[in-house]
Amino acid sequence: MFSLTGADVALVLSYALLLFLPGLAIAAAAGLRGWRLVAVAPVLTYGIGGAVGPVAKQFGLSWGPVTLLGSALALFVLMLLIYLVTAWLRGRRPAKAQQEPLPAWTRRAQWGVIGAVAFATLVGAFVVLLGLRSLDAIHQDWDAIFHGAVVRFIADTGDGTPAALKAINNYNLDSFFYPNGYHLIAAVAYDLTGMPIPQVLNAQLILVPLFLVTGLVAVLRTMRAPALLVGVTAVLSASFSSVPWDVLWRGPLLPYTTGLVLVPAFLVLLGQVLATRRICLVLLTAIAAVGLVSLHPSAAFIALGFAVFQIGQHWYRHRAEILPGVTALLGVGALAVLIGLPHLLGALSTAGADEPVNWGSVGSPPAAVAELITLNHGSPFPQWFLTPFALIGLLTIKRLRRYTWFLLGCGFFGVLTMLAYSYDHPIVSILTRPWWDDRYRLAAIATIGMIVITASGVLVSRDWLLHQLRTRDRLARLRVLARPMVLLLVLLSVVGVASRGFYVTRNANRMGWGWHIGVTVTPGEWQALQRIKPIVGPGHVVMNDPFDGSAWMRALAGLTPVFGHVVAPESYQALDKPRKLLLEKFNQLDTSADVRKAAKDLKIEYVYVSFGMIRETNRRANGLRNLDLVKSLELVDDSPSDRLYRIKPGALDR
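Residues numbered from 1 in each chain as written. Predicted model: local features only at pLDDT ≥ 70, side-chain atom pairs only at ≥ 80, totals over all residues. Heavy atoms only, no water.

(A) Summary view of the overall build of the chain. Summing up its helical and strand segments, the chain has 25 helices and five strands in all. The globule rule puts the C-alpha radius of gyration for 654 residues at 26 Å, and the 27 Å found for the chain is close to it. For the C-alpha atoms alone, the extent of the chain along its principal axes is close to 90 × 65 × 50 Å. Out of the 654 residues in the chain, the part that is buried amounts to 57%. For the chain, restricting intrachain contacts to residue pairs at least 6 apart in sequence, the fraction spanning at least 24 positions comes to 77%. Accessible surface, the chain: about 27,500 Å² in total, of which carbon and sulfur atoms supply 64%. Between the mean site of the 56 positive side-chain charges and the mean site of the 36 negative ones, the chain shows a separation of 16 Å. (Helix = DSSP H or I, 4+ residues; strand = E, 2+ residues; numbered from the N terminus. Rg over C-alpha atoms; globule rule 2.2 N^0.38 Å. Buried < 20%, exposed > 50% of the residue type's maximum accessible area, 1.4 Å probe, protein only. Contact = heavy atoms within 4.5 Å. Areas by Shrake-Rupley, 256 points an atom, 1.4 Å probe, with all protein chains shown as cover. Lys, Arg positive; Asp, Glu negative; His and termini not counted. Charge placed at Lys NZ, Arg CZ, Asp CG, Glu CD.)

Structural data, given as structure tokens:
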């Protein structure tokens, strides 16, 4: 099972309020209501962070709770003024045709969808908690080290500029960029709650299924979907392994996954801009665009992939709106560039910095398509209790023609998944470059469409069974089930029971892989870092091995390591000369003047080694072996999991 303390619950609730309240305020001021209001709130909050965080320092502001909430308040006032002024101006002009109102849902339908959203959120929370076992679990793989360090760096320094992140592991570079929208909000959550960084990172995971389900509900509602389809989509949304679970346990890809599940919310805003072209909505959409870019530039490319079909379908149906629509979209683009300039310039500066990634093909195109359809991507076997409904949904996809643009967008990313899965051609690497040629990332996007298709398949199956029960005499004894809602609940219950709780166990096991696969950082090493924290003190530089998990010391203890992140093998040769020399020859401190000079230039005072490795194939750096034989070092802390050495006074001046 899992452990969940009152402090954990308070952390999750605090994080949820932090992400929803600022966005809710400015969206409500702009006139949004209902599911649209709820869905767009988080992406707008990330947009506020992405817009203000990088420039706060230039205005003498330290990034933190006051800056975030103050910025949200200022935007709320601005949005309310724009809304009131534009409403007044519209009242003085001749009446124009208004946007056709959405079909009314009954109170029962509304509460049914609310219940479905709550159910999906609960399923997602169980997946996270069962997989992690505890919110203080530390992810044992690659990316978590960097994300934790960035959050702690921003919280400790108050510097929200992306370029400042070079201090973590790239301080030798003249320029550096990494999108930090995710980390800016996480740093505020850390400041507000004071909870350890791993718990802050893990608390946000519980909210990811909520972002996805509210986005799907809102985008389907905007496309005038019936409440039943929306409700079933919501119920099933946390069951699919490919999204969000397969992009969370790998890495974990925290900013990417957050951006991905918020794309439907962005598309809701874009649809409103196309339909109404109101200034408030243009500004909101620009803020949301900045939110996606600041989370992860590839999230903006995902949104663009869908937007092409969304805009094309809208203009095909409303040809007279093309010219004013172009004007509104240009306004969105111009405002997004203006308020998100630091992130946009940073993303452009790194766009051609590296060669396109090629992970290598793993199968044939038919195999790739089959895995997507049978929900079997990256898994030993399909999700058998969802697959039949997915197939039925595909066979009856004409029922979903109202949602053509959305399904075409998912289909486009399905094609990219197939290409990444099956081909190594350079053109494929270029096409999939925004997603690192990673079939897992691409499959996650395509699977969002499969959620809707599968939900449609459930309803088609319900209707067929209903017809059989009502018309076949030999089924007369079962006619107690021949009520549409009763039969739907029975069908969903069968799926839930047969799949062991809508695949909670399967997805929790996949999630657990990332947090419990190795010994990068053990509980003993976490305790050791807390023990050495007062010995080393803030601001003192610690020599460490980038492969043994010691880079976590910044996130866990606020200490400053020489290597703040793992050094990828392909990046080792490009490492700056001083640090490369220390990795290879630090244990020659007694005899090498070059080693002493490099250590002095980097202001190293301590050396820390721990005994787990991030990969089984990793080995202790040559320069950090046999440190007990180095006379210039004195052992100041020793435990079964780690050792801390101090460089003796004057040892670097010889």
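(B) Seen up close, the pattern of salt bridges. One pass over the structure, following the stated rule, counts 19 salt bridges. Two residues, Asp545 and Arg620, come together in a salt bridge whose shortest N-O distance is 3.2 Å. Of this pair, Asp545 sits in the loop between β1 (541-543) and α23 (553-557) while Arg620 sits in the loop between β3 (604-610) and β4 (633-639), and the two are 75 residues apart along the sequence. No difference in accessibility class separates Asp545 from Arg620, as the two residues are buried. Between Asp576 and Arg579 there is a salt bridge, with the nearest N and O atoms lying 2.8 Å from each other. Its relative accessible area of 2% is what places Arg579 among the buried residues. A network of salt bridges, in which partner residues are shared, links Arg250, Asp438 and Arg441. (Salt bridge = Lys/Arg side-chain N within 4 Å of Asp/Glu carboxyl O.)

(C) Spotlight on the sheet that holds β3. In spatial order, the strands read β2-β1-β3-β5-β4; together these five strands make up an open sheet with mixed pairing. Each edge of the sheet is formed by a strand with only one pairing partner; in this case those strands are β2 (560-561) and β4. In this sheet, β3 lies alongside β1 in parallel orientation, the contact comprising three bridges. Of the residues in β3, the one forming a bridge with Val541 is Ile604. The strands touched by helix α22 (residues 523-536) within the sheet are β1, β3, β4 and β5 (642-647), with β3 carrying the most contacts at an inclination of about 165°. (Pairing = 2+ DSSP bridges. Axes fitted to C-alpha atoms, helices over the stretch in contact; angles between N-to-C directions.)

(D) Spotlight on a positive patch on the surface. Together, Arg317, Lys398, Arg401 and Arg402 give the surface a local cluster of positive charge. For Arg402, the location among the structural elements is in the loop between α16 (387-395) and α17 (404-422). What makes Arg402 partly exposed here is its relative accessible area of 42%. (Patch = residues over 30% accessible without salt bridge, like charges linked within 9 Å, V, L, I, M, F, W, Y side chains within 5 Å.)

(E) How the structure looks around a nonpolar patch on the surface. A cluster of nonpolar side chains, Val337, Leu341, Leu345 and Leu348, forms an exposed patch at the surface whose accessible area comes to about 380 Å². For the nonpolar patch, the element with the most residues is helix α14 (residues 341-350), which contributes three residues. In this structure, Leu348 sits in helix α14. Given the relative accessible area of 64%, Leu348 is considered exposed.

(F) Here's a closer look at the side chain of Arg620. With a relative accessible area of 16%, Arg620 lands in the buried category. A polar side-chain atom of Arg620 sits 3.2 Å from a polar atom in the side chain of Asp545. The contact partners of Arg620, leaving out residues within four places of it in the chain, are Asp545, Asp548, Val609, Ser610, Phe611, Met613 and Arg625. (Polar contact = N/O pair within 3.5 Å; in protein donor to acceptor, adjacent residues only side chain to side chain.)

(G) Here's a closer look at the packing of helix α11 (residues 279-295) against helix α13 (residues 322-339). The geometry of α11 relative to α13 is characterised by a closest axis approach of 8 Å and an angle of 50° between their N-to-C directions. As far as their axial angle goes, α13 and α11 are oblique. Considering the relative orientation of α11 and α13, their crossing is right-handed. Listed contacts from α13 to Val282, Leu283, Thr285, Ala286, Ile287, Ala289 and Val290 of α11 are Ala328, Gly331, Val332, Leu335, Ala336 and Ile339. (Parallel < 35°, antiparallel > 145°, perpendicular 65-115°, else oblique. Left-handed = near helix turned anticlockwise from the far one by under 90°.)

(H) Local environment of the environment of Met418. By the secondary structure assignment, Met418 is in helix α17. Between the C-alpha atoms of Met418 and Arg402, which are 16 residues apart in sequence, the distance is 26 Å. Among residues more than four places away in sequence, those in contact with Met418 are Pro365, Ala368, Val369 and Tyr423.

(I) Seen up close, α16. When we look at burial in α16, the residues that qualify are Thr387, Phe389, Ala390 and Gly393. Down the axis, α16 shows its buried residues gathered within 160° of arc, on one side only. Among the structural elements, α15 (365-373), α19 (439-471) and α20 (484-498) are those in contact with the buried residues of α16. (Arc of directions from axis to C-beta.)

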